[in-house]
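Each chain, letter by letter, is given below.
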Amino acid sequence: MAYLIKGAHVVDPQVSLDSKYDVKVEGSTIVDVAPQLEASANDEVIDAEGKYLVPGLVDMHVHFRDPGYEYKETIESGMRAATHGGFTDVATMPNTNPVTDTGTGIRYQIDRARATDLAHIRPIGALTRGEEGEALAEIGDMVLEGACAFSDDGHGVQSAGMMRTGMGYVSQFDRLVIAHCEDKSLSAHGVVNEGRASTRLGMFGWPALAEELEVYRDIELCRLTGCPLHIAHISTAKSLDLVRAAKEEGLPVSCEVTPHHLFLNEDDIDNSYNTCFKMNPPLRLKSDMLALQEGVADGTIDCIATDHAPHAQHEKDCEFEIASFGITGLETSVPLMLSKMVATDKISMSRMVELMAINPRALLRLNEVSIKRGSQADITLISMSEKIHVDKDYFESKSLNSPWLGNDFCGCATDVFVAGKRTLCNTKVVA
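Reading the values: the criteria
Residues numbered from 1 in each chain as written. Predicted model: local features only at pLDDT ≥ 70, side-chain atom pairs only at ≥ 80, totals over all residues. Heavy atoms only, no water. UniProt positions renumbered as here; feature names shortened; annotations may be inferred. Helix = DSSP H or I, 4+ residues; strand = E, 2+ residues; numbered from the N terminus. Rg over C-alpha atoms; globule rule 2.2 N^0.38 Å. Buried < 20%, exposed > 50% of the residue type's maximum accessible area, 1.4 Å probe, protein only. Contact = heavy atoms within 4.5 Å. 1 Å grid on protein atoms, 1.4 Å probe; cavity = no way out; pocket = protein on both sides within 12 Å on 5 of 7 lines; lining within 4 Å. Points joined across faces, edges and corners; volume = space filled by probe spheres on them. Nonpolar A, V, L, I, M, F, W, Y, C, P; charged D, E, K, R; others polar. Expected span 1.5 Å × (residues − 1). Arc of directions from axis to C-beta. Domains from an automatic or database assignment. Buried area = accessible area lost by both parts, 1.4 Å probe. Salt bridge = Lys/Arg side-chain N within 4 Å of Asp/Glu carboxyl O. Phe/Tyr/Trp six-rings, centres within 6.5 Å; stacked < 30°, edge-to-face > 60°. Lys NZ or Arg CZ within 6 Å of the ring centre and 35° of its normal. Pairing = 2+ DSSP bridges.

- Per an unreviewed UniProt entry, the chain carries the name Dihydroorotase and comes from Fannyhessea vaginae DSM 15829.
- In its Pathway (unreviewed entry) section, UniProt records this for the chain: "Pyrimidine metabolism; UMP biosynthesis via de novo pathway; (S)-dihydroorotate from bicarbonate: step 3/3."
- In the Function (unreviewed entry) part of its UniProt record, the chain is described as follows: "Catalyzes the reversible cyclization of carbamoyl aspartate to dihydroorotate."

If you want it as structure tokens, here you go:
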């Protein structure tokens, strides 16, 4: 199938494009990019006037729960959610059941995703066996099967010695270690940020230090081992300062932030005790939230990643203390970034493309995708004017645990092409 996308505002800083162009896709490849292209008899012409065309978006931190917790999400429903959100690539965390700590587990995810024919899955393997922090997982085998990075996300490696061993081993394979930074001896029993929020709500507090200590520790281990280190879901200003200092030293350290830590803080948890505001790490101070926004704008933060964490209704519709941590995020990430960062001129569309397409691909060692002749046709079309209402009918995910339910946004992904196949058409997933 050949497509001619007409009149889109193409934004791709990799090739210095930020203007109106026509883009022709044939098969799985972009075959031409020019200010004006004529349609041939076999082309399906897509009017993209008023839309942005960017390299396919990548979310480098999602939980699809498959295998083992398919009642929350399956690879198929997760792929539909990713497509609806505008993503061509998603990197799945390994805390499934069984934990994805073998080559077989990596292959299972790739095969299941291929059957959906919607997006590229990029499995992340566990760093330690069973994510128990006691012995290394089968890292070499997972690399051979297609693992793009390694992490004990959801737990974090509590032993500095084991983290050093893991980072030293992974460094031999040109892969990234993604650190879930949480000292559980400090965070134990915590459900909200320690301080005003925990006092006001009468719940166990989770101190910022539980994150910051391990950010410091893992940066020092990066210095020792030379292994590229990526800090997941950074949530405090001090953690961000540690990353900023490491970057200034030239260490191979990067970080991501979630939309919920960018746009929510502990003050948003009110006396209704809405469990859709319970996440790991917890919502922090307003000053932390604003510091993270500044880190996005100034380049310290490398990626926007959703930490998409679906849960069944009964796991959230309960007391705050016992509710599961996490929220869905794939389908609200782009609307949030567009309405709260791009439309407000806090960042440019070009910077958003860096955060959500270019940088995550580079960090995960994926092949470059660019809006140029010969590149694979992984493309996202974005409208700044499309209005959406987030309700239960909006989601393709199996789960509805979103703090944004009931909100209206202006701006979203409208169309997605994955290797030349149109997977999202006018905001609807192409089954």
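**Points about the overall build of the chain**
Here comes step 1: On a plain count of helices and strands, the chain comes out with 13 helices and 19 strands.
Here comes step 2: Relative to the 2.2 N^0.38 estimate, which gives 22 Å for 431 residues, the radius of gyration of the chain is 21 Å and therefore close to what a compact globule would have.
Here comes step 3: C-alpha extents for the chain along the principal axes are approximately 65 × 50 × 45 Å.
Here comes step 4: Here the chain holds 431 residues, and the buried ones make up 61% of them.
Here comes step 5: Sequence-distant contacts in the chain: of pairs separated by 6 or more residues, those separated by 24 or more amount to 75%.

**Re the UniProt feature "domain: Dihydroorotase catalytic" (unreviewed entry) in the chain**
Here comes step 1: UniProt annotation of "domain: Dihydroorotase catalytic" (unreviewed entry) refers to residues 50-237 when read in the numbering used here.
Here comes step 2: Along residues 50-237 the backbone is 38% helical and 20% strand, and the end-to-end C-alpha distance reaches 37 Å.

**Structural notes on empty space enclosed by the protein**
Here comes step 1: Within the structure shown, the criterion is met by 4 cavities of 30 Å³ or more.
Here comes step 2: Considering only enclosed or pocket space, the largest cavity measures out at about 60 Å³ in volume.
Here comes step 3: Here the residues of the lining of the largest cavity sort into 6 nonpolar, 3 polar and 3 charged.
Here comes step 4: Here the second largest cavity defines a volume of roughly 50 Å³.
Here comes step 5: Around the second largest cavity, the lining residues are Leu127, Ser151, Asp152, Gly156, Val157, Met163, Ile178, Ala179, His180, Glu214, Arg217 and Asp218.
Here comes step 6: In terms of residues, the lining of the second largest cavity owes the most to one element, helix H7 (residues 209-225), which gives 3 residues.
Here comes step 7: Grouping the constituent residues of the lining of the second largest cavity by class yields 5 nonpolar, 3 polar and 4 charged.

**Describing helix H8 (residues 237-249)**
Here comes step 1: In this model, H8 (13 residues) spans 19 Å end to end at C-alpha, consistent with the 18 Å of a helix rising 1.5 Å per residue.
Here comes step 2: Listed in full, the buried residues belonging to H8 are Ser239, Leu240, Val243 and Ala246. With its buried residues spanning 120° around the axis, H8 presents them on a single face. Away from the buried face of H8 by more than 90 degrees, exposed residues Glu248 and Glu249 are located.
Here comes step 3: In the core, the buried residues of H8 are packed alongside H7, strand S13 (229-231), strand S14 (253-257) and helix H10 (286-298).
Here comes step 4: Immediately downstream of H8, the backbone of Gly250 shows phi near 90°, a positive value.

**Points about the domain arrangement of the chain**
Here comes step 1: According to the domain assignment, the chain contains domain 1 (2-53 + 373-429) and domain 2 (55-364).
Here comes step 2: The centre of domain 1, based on its C-alpha atoms, is set 26 Å off from the matching centre of domain 2.
Here comes step 3: Of the residues lining the interface, 37 residues belong to domain 1; the matching set on domain 2 comes to 53 residues.
Here comes step 4: Carbon and sulfur atoms make up 65% of the surface buried where domain 1 meets domain 2, a total of about 3600 Å² over both sides.
Here comes step 5: Among the residues of domain 1 in contact with domain 2, Lys398, Asn401 and Trp404 are the three that bury the most area, contributing 19% of the side total.
Here comes step 6: Scanning the region where domain 1 abuts domain 2 turns up 2 salt bridges.

**Focus on the packing of aromatic side chains**
Here comes step 1: Evaluation of the coordinates by the stated rule reveals 5 aromatic pairs.
Here comes step 2: Between Tyr394 and Phe395, the aromatic rings sit 5.5 Å apart at their centres with planes inclined by 80°, giving edge-to-face as the arrangement. The pair Tyr394 / Phe395 is uniform in exposure class, with both members buried.
Here comes step 3: A cation over a ring is seen here: Lys72 above Tyr69, with NZ or CZ 5.8 Å from the ring centre.
Here comes step 4: In this structure, Lys278 packs its charged tip against the face of Phe325, placed 4.4 Å from the ring centre.

**Side note on the sheet that holds strand S7 (residues 87-92)**
Here comes step 1: If you walk across this open sheet you meet the 8 strands as S6-S7-S8-S9-S10-S13-S14-S15, and the pairing is parallel. The open sheet has two edge strands, strand S6 (57-62) and strand S15 (303-304), and neither has a second partner.
Here comes step 2: Pairing between S13 and S14: 3 bridges, direction parallel. Along S14, the bridge assignment pairs His230 with Ser254.

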